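# Observations on chain architecture
As a plain string of letters, each chain reads:
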Amino acid sequence: MTDDSKPAAQGLNFIEAIIEADRESAKHGGDVVTRFPPEPNGWLHIGHAKSIALNFGLGLKYGGRTHLRFDDTNPLTEEVEYVEAIQNDIKWLGFDWGKHLYFASDYFEKMYLYGEELIKMGKAYVCSLSGDEVSEYRGDFFKPGKDSPYRERSIDENLQMFRDMRAGKFKDGAHTLRLKIDMASGNPTMRDPPCYRIRRATHHRTSDAWCIYPLYDYAHCISDALENITHSICTLEFESHRPLYDWVLEQLRTIPPGAPVAAPTGQPHQYEFSRLKLNYTVMSKRKLLQLVTEKHVSGWEDPRMLTLAGLRRRGYTAESLRAFATSVGVTKNDSWTDMGVLEGAIREDLNLRAPRAMCVLRPLKIVIENYPEGEQETVDVQNHPLKPELGTRKVPFGREIYIEQEDFQEVPPKGFFRLQPGKEVRLRGAYFVKCERVVKDADGAVVEVRCSYDPSTRGGDSPDGRKVKGTLHWVAAATAVDVDIRLFDRLFSVEQPGTDRDFLLDLNPHSLETLQAKGEPMLASSSSGQHFQFERTGYFFADPKDSKPGAPVWNRVVGLKDSWAKEQRADVRAVGTAQGADVRAVGTAQKR
RNA sequence: UGGGGAAUCGUCUAACGGCAGGACAACGGAUUCUGAUUCCGUUUAUCUAGGUUCGAAUCCUAGUUCCCCAACCA
């Protein structure tokens, strides 16, 4: 997929630059080992895709490897359901951890022994302050913390108590093991952080083997070191945790030979990049979970959700997501990516991938008066104009057909070149038709348009060389199949949901519209998981969950770009502002 | 009145003392049996103020703005 003929678009991202410098200096023996460390407490979303693509991409690019490690140190929120879903999503995205599947819980025994060693070194102590007291003693940003009264417990007592913690001799929350660092540090993370808490909860892997569990800051760096991770890449909010990450490993490296547990071999370094922020959506797992549990969406796999599962079901391809992840770049800038970039990525992919079909979303009946009654024929239509090798298909045509309601205007606006009284358009792959008259109901609404056709234009070209401006998609009424369609819009109606109020208030009430359309017969037999471009309307995907054999349900992945619609909107705006406009504007011509 | 980060077209991102480049968006045009795609073109940026230098987005000084940190969450 690389194109060396392109002029250097280069510029490594800053992590690649670090890695290349490290390889240059033979740091880590030139190895590159990264890891993707999800906590199994929710489904993966588009933001994770950026991290996955980064970590696995680096492993691939530099001939190293990437581990999948579940960061499962909090049994209260973690479940196997998530472990499975996460693996599923990563594989679907196209990445492979090979045999390198790990769990932080695999290291619980070692982590515990490291705790004992830290106690023996005088670097950790059992603290018996309550949660409230701990935060009180911690101070705040401007006020240094105070030492815990338990800070100077003897090594023997600490060791005994830590063992008793493990043995289940204390109530939940009665004690913690804390690292002895510096209660006056300007960085709150370094104010004697707890590294073990007592918590009787069944763990999804270790069951009830443990009643104490390590905390993130302690567990993560140790896991990285045990796996010989070289570049431990995380998001910006962990930046202030890096001194602690380094501190723990530094202590552990001093474990003497012959101790019950050997010092970890790896010397990983943590690097931080900015997480993906996309407008018109929310990314936090807490909010996504809330959308699911409060049933604002149908589940983690709702096609409007920007979870990987939701996007997959919506019809996004793994390729498009990987391309998107690459296109947003990797920096430490706090930035917002426009949803349009994601939509562009899937359009670009599907434009090449998806065969074309015709489907009329909001039908308007056309009767071709000079077409023989009772007669029917088939016309050949290209399956993919960009790929002639995909051939053509037979599409039935007849006297009565449907076109899109918006493709006819009795009183057309300026620039409209679709069907209108007295004018001729092309029905794709079929004939030129001309609007002769309009049939209205009692209220004056157009219910049917009467046309004539030119039999000599069969196939869509006129022998006399006359041109038409418009080409419409259509479906023959007699053979049309009813098609279930779901049109999705952005889940939220504002760029940054929840900025100054509850994010749920920013939900877009029109994010889902279902309708029954008229499609060409082929669409009834399409199998789930298939993509089409419905010509002139958008890219659609047969929903893998809701489709039944012979009755696919079509998700609109994304609409086609529509510069006509955009122009119309611009005209509306222009008219709106012109009314209030001031004539003085004429005078600006004198400038310069 | 702490600690840690970040500031480049509208957006995202390059440039590492030597012509501020690319992508997306926008706008204009060409082609088109999809008002799609494709192609061509145009507009738009170095947070501010000083300094060093032949030369500063880049180095120095001072300032401004924004983000993160006060779970026994990750």
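Residues numbered from 1 in each chain as written. Chains lettered and ligands numbered in written order. Predicted model: local features only at pLDDT ≥ 70, side-chain atom pairs only at ≥ 80, totals over all residues. Heavy atoms only, no water.

### Some points on the environment of alanine 201
If you trace the backbone, alanine 201 turns up in the loop between β6 (194-198) and β7 (212-214). What makes alanine 201 buried here is its relative accessible area of 10%. For the pair alanine 201 and proline 75, spaced 126 residues apart in sequence, the C-alpha to C-alpha distance is 6.1 Å. Ignoring anything within four residues of it in the chain, the contact list for alanine 201 reads Pro75, Leu76, Ser207, Asp208, Trp210 and Tyr213. (Helix = DSSP H or I, 4+ residues; strand = E, 2+ residues; numbered from the N terminus. Buried < 20%, exposed > 50% of the residue type's maximum accessible area, 1.4 Å probe, protein only. Contact = heavy atoms within 4.5 Å.)

### With respect to the domain arrangement of chain A
Partitioning chain A into structural domains gives domain 1 (31-273), domain 2 (359-473) and domain 3 (564-592). Here the C-alpha centre of domain 2 lies 66 Å away from the C-alpha centre of domain 1. (Domains from an automatic or database assignment.)

### So, the nonpolar core
In terms of nonpolar packing, the biggest core is built from 38 residues, with Ile46, Ile52, Ile90, Leu93, Leu278, Leu321 and Leu342 touching the most fellow members. Contributing elements (two or more residues each) for this core: α2 (46-61), β2 (65-70), α3 (80-93), α10 (308-314), α11 (318-327), α12 (339-353), β24 (538-542) and β25 (553-559). Setting aside chain neighbours within four positions, we find isoleucine 52 in contact with Phe36, Leu44, Gly57, Ile90, Leu93, Phe95 and Leu308. Among the nonpolar cores identified, the runner-up in size contains 37 residues, and Ile119, Leu159, Tyr213 and Val248 belong to it. (Core = buried A, V, L, I, M, F, W, Y, C linked by side-chain atoms within 4.5 Å.)

### Let's talk about the protein's contact with RNA strand B
Taken together, 63 residues lie around RNA strand B, and Arg356, Arg418, Arg426, Gly459 and Lys566 are the ones closest in. Within 4 Å of the protein, atoms of RNA strand B come from sugar and phosphate in 61% of cases. Here a phosphate oxygen of RNA strand B sits 2.6 Å away from a polar atom, N or O, in the side chain of threonine 73. Taken together, the elements giving at least two residues each to the surface near RNA strand B come down to α5 (131-138), β6 and α13 (563-579). Of the residues belonging to the surface near RNA strand B, the class tally is 18 nonpolar, 25 polar and 20 charged. (Near = heavy atom within 4 Å. Polar contact = N/O pair within 3.5 Å; in protein donor to acceptor, adjacent residues only side chain to side chain. Nonpolar A, V, L, I, M, F, W, Y, C, P; charged D, E, K, R; others polar.)

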